[in-house]
Structures are given as C-alpha cells and as structure tokens.
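For reference, the chains in residue letters:
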Amino acid sequence: MKRFLFSLLLCCQISFSQIGFTARNAMVVSARIEASEIGSEIMRQGGNAFDAAIAVQLALAVAYPYAGNISGGGFMVYRMNDGTSGSLDFRETAPLKASRDMFLDKNGNVIPNLSLSSAKAVGVPGSVAGIFEMHKKFGSLPIEKLFAPAIALARKGIVVTGKQLKQITDHKKEIISLNGNGTIYSGTFKIGDTIKYPELAQTLERIEKNGANEFYKGRSAKMLIRFIAEKGGILSAKDLRSYKAIWRKPIEFDYRNIHVISMGLPSSGGFCLNQMFKMIEPFDVSSLPHNSVDYITLLTEAEKRSYADRNYFLADPDFIKSPQNQLIDTTYLHHRLKSSDLENIIPSSQISHGDIPFSESDQTTHFSIVDPFGNAVSVTTTLNGAFGSKLYCAELGFFLNNEMDDFSIKAGTQNYFGLTGSKANAIEPGKRMLSSMTPTIVEKEGKLFMVLGSPGGSTIITSIFQNILNVAEFDMGMQQSVGQPRMHHQWLPDDILMEPDGFSGETIKQLKDKGYKINIQAAPVIGKVDAILQLPNGTYEAGADPRGDDAAAGF
C-alpha cells in the first residue's frame, strides 16, 4: 500500500504526572475524589464492581451536579472475570407527547433554546432505573448500604474546588434566570466553601426505602411531574411509569492484538470506534510520531467519514433499522479511507455518508471500576448540557436533563454539540435519542487490559479512540495517555478542534497548509478520560484526567 510521508514534529504535552495511582486489588476512577473513595470503600467491604458503580453514581449526583445525576441517563458496559460481557442501556426517552417538530415555529424554523433550556427539553430519566437494574442482576450488598454514603455526603456537603467554582460561575446567570433569585447557586461562593444538598438527601432516602417505584410512581414522581408541568413541560406520570432500562448486546471487534467491547445503539460510540479502527488498520500507525501532522491527518480523515455515517444512519434500534453489518464491513471501510485520501484532502462538504441502502454530551461524566474479583465496569451518565436544562427542582434537590436536544430537532440543523442530524434520529414518542457516550473495555490476549470512557458530547468517541491508540500503539501508561493533548473532527462543522497549547505552531501551520481549518478557541477541553490499565504484573494503573478534578482510589 502506498505510504504517506510523515512529519517528525512532536507536539507539546499537557503538564501531568507520568505515572498514575496504582492499586493491587481494586480501582475506581471518577470525576470526584469523594465518589472514587466511596466506590473503593464499598469494595473493601466485600462489594463487587456493580455495587461500587451504584454507590459511585449516586455520589456523583451529589458531588458533581454539573453532570452527575439521578435525573438523566446513560450506559454501562461490563466484563465479568470469566470474560463474559454485556451492556445496560438506561438512556432517556422522549415523552409520549413529544412530536417531530415540537421545537420548530410555524414557519419550520428552530425556536432558539427551546430544546436546551426549557421544561420541554426534559427526556424521561433513566438513571434510577439503571441503578436498580444493576443491583437486581449483579448486586451483592444491600441497596441501603449503597445509598448510605451519598445520603451522608449530601447532608455533610461538598467542598467547592476551583474548577467547580468556575462551573457554577459560568452558568449562574442562566440558572437564576430560569429558577429565580432564591435558587441554588444564587449566593456568593468561594473555593473551600461547603455546599449542602438536604433536599437531595431526602429524595435519595425515599428512593432507598421504596425502590425505583419511588422515583417513577411514588411521591418523588408526583413532585417531579408537578414541577415540570408548572414550567410548561410535557413529561407525564405515564412516561415515568412506562420507563424501562434495557440489557443489550455490546459492540465487539478486534484491532491488531486487542479486543474492544463498547456500547451499541442507541449509543453511536461502539460503531464509530469499530469503523475508525478498521479504517486505520491497513496503515503502519505506530511508525508515525505521536500527534505528528500525518498521524493527525490519518485520525482526522477516519473521524470525518465515521461521523458522516453516524449522523445519517444511526438511531434508536427499537425504532430504526440501521444497516449495522454493512457499516462495519471491512471492504466498505477500506474503500471509505484510502492512502490517497491522506494526500489529497477534500472538504467535508464533499464527503457524505456511505452509499448504503437504508430504511427508516458535553457535560457528561464517566467512571471506571475494577473489583477484587476481576470484574470490570465502565459507566457513562449524563444530563446532556452543563447542569442539564439548568431547571432546578428545589423540592427534590436536582437539576433536570435537556436530552431532547440530542434528537435531530430539524434535519440538517446542528445540536448543542454541533452534530448535524438526519431523519433517522428524529423525535418520536418513547424513542431514545442517539448518543455519543462510549463506555469501553479492552482485552489483550484474552485478559482484561483497559477500562475507559469520557464525557465531552461529540468529542467522547474521538477521545476514547485516541487513548486506546496511545496505549496499544505507542505503549503509553494510563496516566501518561489521558494527559496527552487531543484533537477532534466530527465531519460537520469542517474543523479540527485542538486543545490550546497542546500542539506546536509548526504542526498547526502544516495542517493548515494541507487545507485543514484549525479551531483552538472552541476546544479548551476535549474529553475528560477516566481509565484503568492492567499492567503485566497484574497491578492496576489509573488514568485520572488532569483536565478536571478527576481522581482515583483503590487498594
């Protein structure tokens, strides 16, 4: 195969520790140290990875309300110690009163912010159903033991960090405008202050006592429906009663000597990873200097083509029959990306989806867990936007999601993350919106190798793509890998997003000379990968992303 010339220019690196936290028996990596320590302690007490996952998810709902939640949804991919794997879909759904054009005016134009910052933006939450499904199938400790740490944390309060203060400050004005001057975060905060969440503690206590029915049918459900109705939303009691989390088969594929297990539809993550890895496999990837011009070119061209297919073909598999087998066919994908494409760059406007017959989160959080029994869990959960819709139900103590924006609210129109949608992902009652969440587990030689995932909306998939390559092709450790500067391309808009100060001026100049448009200002952070690597001696190394307050705990 014709080879393309590669640059010898190496990029700059984000400042971080080269060696991550290590543990012999068990590990949790999450967005907050409080949650990681709670998960680790659950496993010290004899709990497994699923017990820890429940406790961590609940703790993040308290410690990280920017994205952690019981009012959103997400996905879990797991691998048992005997190698069996599976996945759980607790993605939100569209309310039964939802309709295709609900966010358009009478002239067919998108109504600004209606799908982002209104009660109509709220999808039916799946997080609580997901928690109880995990516990029903795999939990080993009593549910009250798993809820107790988060309840105590909500009553004790969370100490405000610098990064958390910025999150609050950046969105404070909009939160107040939607909820009033007396709402949460309306006061003045500084680093080191403690914020308590007594209403959330009470809600968690009711759910712990009464089970999932409390959230979907009980007092809490009535409080939630009343609040949404008062704010002009359409989510109903029937929507809550009807919600179900679904166990699904994950996407699995091989790349050289590793085996990747990732989330299938309605997450697009596993499909896009499969496509991108197959497209680059014919190339001698490890011979390219990491983050060099030609390495970035290879990844960019694979990403462009995969996102073009994603945006046209993929949607909720219970509503749309996507051509899944054709999309991951090796011959098709090798035709999609040839060596000549790396030398003759063409704009995204000339790259459409593949010719296949077809029938009709940025603010997310991820955690990775390995338990003392060898089970691994990768969970990504979200409210969609920062603090979701910004609507705060004071009576229940949490923000509501704005997941309806993840649908194609109008074909050809970009959503919050700039993703351009098609009719496949159009709004339909009861449908699950297409997602970029990509919880992933990697095996090597039949053994557990990596557990990873990330927040970041449309940048999630490419963040996971690059981190697997960092370890598998460039022999990086886990902490070294997550600290590397990242880039991202999603077909439209036709930009390479690059983290500031992560790439040399000469590298950027050469990419521009090839015809690429570089966007640095729009991408101060691309993903916040939280990952675990099993080292050859059996020890686990954490990769806690330095872009956030992310931290690991274990023993």
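Residues numbered from 1 in each chain as written. Predicted model: local features only at pLDDT ≥ 70, side-chain atom pairs only at ≥ 80, totals over all residues. Heavy atoms only, no water.

1. A word on the overall build of the chain
When helices and strands are tallied, the chain shows 16 helices and 21 strands. Against the 2.2 N^0.38 benchmark of 24 Å for 555 residues, the chain shows a C-alpha radius of gyration of 22 Å, consistent with a compact globule. Reported as C-alpha extents along the three principal axes, the dimensions of the chain are approximately 65 × 60 × 45 Å. A burial count over the chain gives 65% of its 555 residues as buried. (Helix = DSSP H or I, 4+ residues; strand = E, 2+ residues; numbered from the N terminus. Rg over C-alpha atoms; globule rule 2.2 N^0.38 Å. Buried < 20%, exposed > 50% of the residue type's maximum accessible area, 1.4 Å probe, protein only.)

2. A word on the sheet that holds strand 17 (residues 496-498)
The strand order across the open sheet formed by three strands is 16-17-18, and the pairing between neighbours is mixed. Of all the strands in the sheet, just strand 16 (487-488) and strand 18 (518-519) have a single pairing partner and so form its edges. In the sheet, strand 17 pairs with strand 18 via two bridges, with the strands oriented parallel. Its bridge partner lying in strand 18, isoleucine 496 is registered against isoleucine 518. (Pairing = 2+ DSSP bridges.)

3. Describing the UniProt feature "binding site: L-glutamate" (unreviewed entry) in the chain
UniProt annotation of "binding site: L-glutamate" (unreviewed entry) refers to Arg91, Thr382, Leu383, Asn384, Asp406, Ser435, Ser436 and Gly457 when read in the numbering used here. Relative to the helices and strands, arginine 91 is located in the loop between strand 4 (85-90) and helix 3 (127-138). For arginine 91, a relative accessible area of 0% puts it in the buried group. The contacts of arginine 91, once residues within four sequence positions are left out, are Gly74, Phe75, Tyr243, Thr382, Glu403, Asp406, Arg432, Met433, Leu434, Ser435 and Met437. (UniProt positions renumbered as here; feature names shortened; annotations may be inferred. Contact = heavy atoms within 4.5 Å.)

4. Considering helix 16 (residues 505-513)
For helix 16, the set of buried residues is Thr507, Ile508 and Leu511. Looking straight down helix 16, one finds that the buried residues subtend no more than 95° of arc, so they occupy a single side. Exposed positions of helix 16 whose direction lies more than 90 degrees from the buried face are Gly505 and Asp513. Glycine 515 lies just past helix 16 and shows a positive phi near 110°. (Arc of directions from axis to C-beta.)

5. Considering the sheet that holds strand 15 (residues 447-453)
The sheet built from seven strands is open, its strands ordered 1-20-19-15-14-9-8 with antiparallel pairing. The sheet terminates laterally at strand 1 (22-23) and strand 8 (251-255), the two strands that pair on one side only. Here strand 9 (residues 258-262) pairs with strand 14 (residues 440-444) via five bridges, running antiparallel. Counted as the bridge partner of isoleucine 261 is isoleucine 441 from strand 14. In this fold helix 10 (residues 269-280) packs onto strand 8, strand 9 and strand 14, with an angle of close to 15° to the strand it touches most, strand 8. (Axes fitted to C-alpha atoms, helices over the stretch in contact; angles between N-to-C directions.)

6. Points about the environment of glycine 453
Relative to the helices and strands, glycine 453 resides in strand 15. Taking C-alpha positions, glycine 453 is 13 Å from alanine 376, a pair spaced 77 residues apart along the chain. Leave out the neighbours within four places in its chain, and glycine 453 touches His366, Ser368, Thr438, Ile464, Lys528, Val529 and Asp530.

7. Here we look at the UniProt feature "active site" (unreviewed entry) in the chain
Sequence positions flagged by UniProt for "active site" (unreviewed entry) are, in local numbering, Thr364. Looking at the secondary structure, you find threonine 364 in strand 10 (residues 363-370). On the accessibility criterion, threonine 364 (2% relative accessible area) is buried. Beyond its immediate stretch of four places on either side in the chain, threonine 364 contacts Tyr64, Ala67, Thr380, Thr381, Thr382, Met437, Pro455 and Gly456. A polar side-chain atom of threonine 364 sits 3.0 Å from a polar atom in the side chain of threonine 382. (Polar contact = N/O pair within 3.5 Å; in protein donor to acceptor, adjacent residues only side chain to side chain.)

8. Some points on unusual backbone geometry
Omega for the peptide link from leucine 265 to proline 266 comes to 15°, which places this bond in the cis form. Looking at where proline 266 falls in the secondary structure, it is placed in the loop between strand 9 and helix 10. Omega for the peptide link from leucine 492 to proline 493 comes to -5°, which places this bond in the cis form. Here the phi dihedral of asparagine 113 falls at roughly 70°; this positive angle occurs in a residue that is not glycine.

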